[in-house]
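# Inside the fold
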Amino acid sequence: MTATFAAIVWTLGLVAWFVIRLPYQRRARRIGISATQRTLTDRLALAASGIGLAVIPAFYLATGIPAAADYPFQPLLGWCGLLVQVLFLALFYASHRQLGRNWSVSLEIRNDHRLVTDGLYRYVRHPMYSSFWLWAIAQAFLLPNWVAGLSGLVGVGILFLARVGAEEAMMEKHFGEQYRSYAARTGRVIPRIF
Ligand code: SAH
């Protein structure tokens, strides 16, 4: 594993994320929305995650800036990054499939929204956000630069803090007791632990 190979792995991860998301993004446009909480806070948090996971690392790979934050590449960390990247993509793909037509990029309740409680959702309430944490961890392993490597963790952290409480409140408002009992038997991102 070389630094160049690690950079290619990171880039392929971004491309794969886009390819997996695209059909759901397209389909979502055709499904009506019955309630929305697309607030300014949520938009800013979404932008922060995009900047941390894509803009800053892509800029770093294209320009080498900020070079002062570089540290020597370690092949073992690169391999760990590849492994975590594969786990991220598998989890991202599976959560998108299982959430199906109920998915939204923001906080929204779709027409005929069904509460998904099976598959991955049987164990955790936010497997897609778990996958984003893995993505950020893979980025930290793959890019030997303190800024570009760690920006994903900051971006996902901001999205997570801004999003999860509001999302759960929205789901509880819409699904009531059904969501409360679902929440009582599942973890947020790690089964049984958190
Ligand atoms: N937090 C989830 C979903 C992310 S997409 C995850 O990480 O896997 C965000 C949208 O998914 C929210 O607007 C909400 O409408 C919807 N959603 C979240 N949990 C859901 C569930 N268990 N069943 C159906 N829709 C859900």
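Further up the page is the structure itself.
The following refers to the structure shown. Remember, predicted model here, so these are calculated numbers, not experimental data.

Among the structural elements, V105 can be located in the loop between α3 (75-99) and β2 (108-110). Residue classification places V105 among the partly exposed residues on the basis of a relative accessible area of 24%. Separated by 77 residues in the primary sequence, V105 and A28 place their C-alpha atoms 9.0 Å from one another. Setting aside residues up to four positions removed in sequence, V105 forms contacts with R21, R38, L46 and R163.

Attention now moves to the environment of P72. As for its placement among the helices and strands, P72 is situated in the loop between α2 (40-63) and α3. Separated by 73 residues in sequence, P72 and N145 place their C-alpha atoms 8.6 Å apart.

The subject of this paragraph is the site of the ligand. In the region of the ligand, 20 residues are neighbours, and E108, V116, Y121, H126 and E167 sit closest. P127 places a polar main-chain atom, nitrogen or oxygen, 3.4 Å from an oxygen atom of the ligand. The separation between a nitrogen atom of the ligand and a polar side-chain atom of E167 is 2.5 Å. In the complex, 99% of the free accessible area of the ligand, which totals 540 Å², lies under the protein chains. One can see that the ligand is located within the largest pocket. For the shell around the ligand, the elements supplying multiple residues, two or more each, are α4 (127-142) and α5 (146-175). Its residues placed into classes, the shell around the ligand shows 11 nonpolar, five polar and four charged.

Analysis parameters
- Residues numbered from 1 in each chain as written.
- Predicted model: local features only at pLDDT ≥ 70, side-chain atom pairs only at ≥ 80, totals over all residues.
- Heavy atoms only, no water.
- Helix = DSSP H or I, 4+ residues; strand = E, 2+ residues; numbered from the N terminus.
- Buried < 20%, exposed > 50% of the residue type's maximum accessible area, 1.4 Å probe, protein only.
- Contact = heavy atoms within 4.5 Å.
- Near = heavy atom within 4 Å.
- Polar contact = N/O pair within 3.5 Å; in protein donor to acceptor, adjacent residues only side chain to side chain.
- Areas by Shrake-Rupley, 256 points an atom, 1.4 Å probe, with all protein chains shown as cover.
- 1 Å grid on protein atoms, 1.4 Å probe; cavity = no way out; pocket = protein on both sides within 12 Å on 5 of 7 lines; lining within 4 Å.
- Sits in = over half its atoms within 2 Å of the grid points.
- Nonpolar A, V, L, I, M, F, W, Y, C, P; charged D, E, K, R; others polar.

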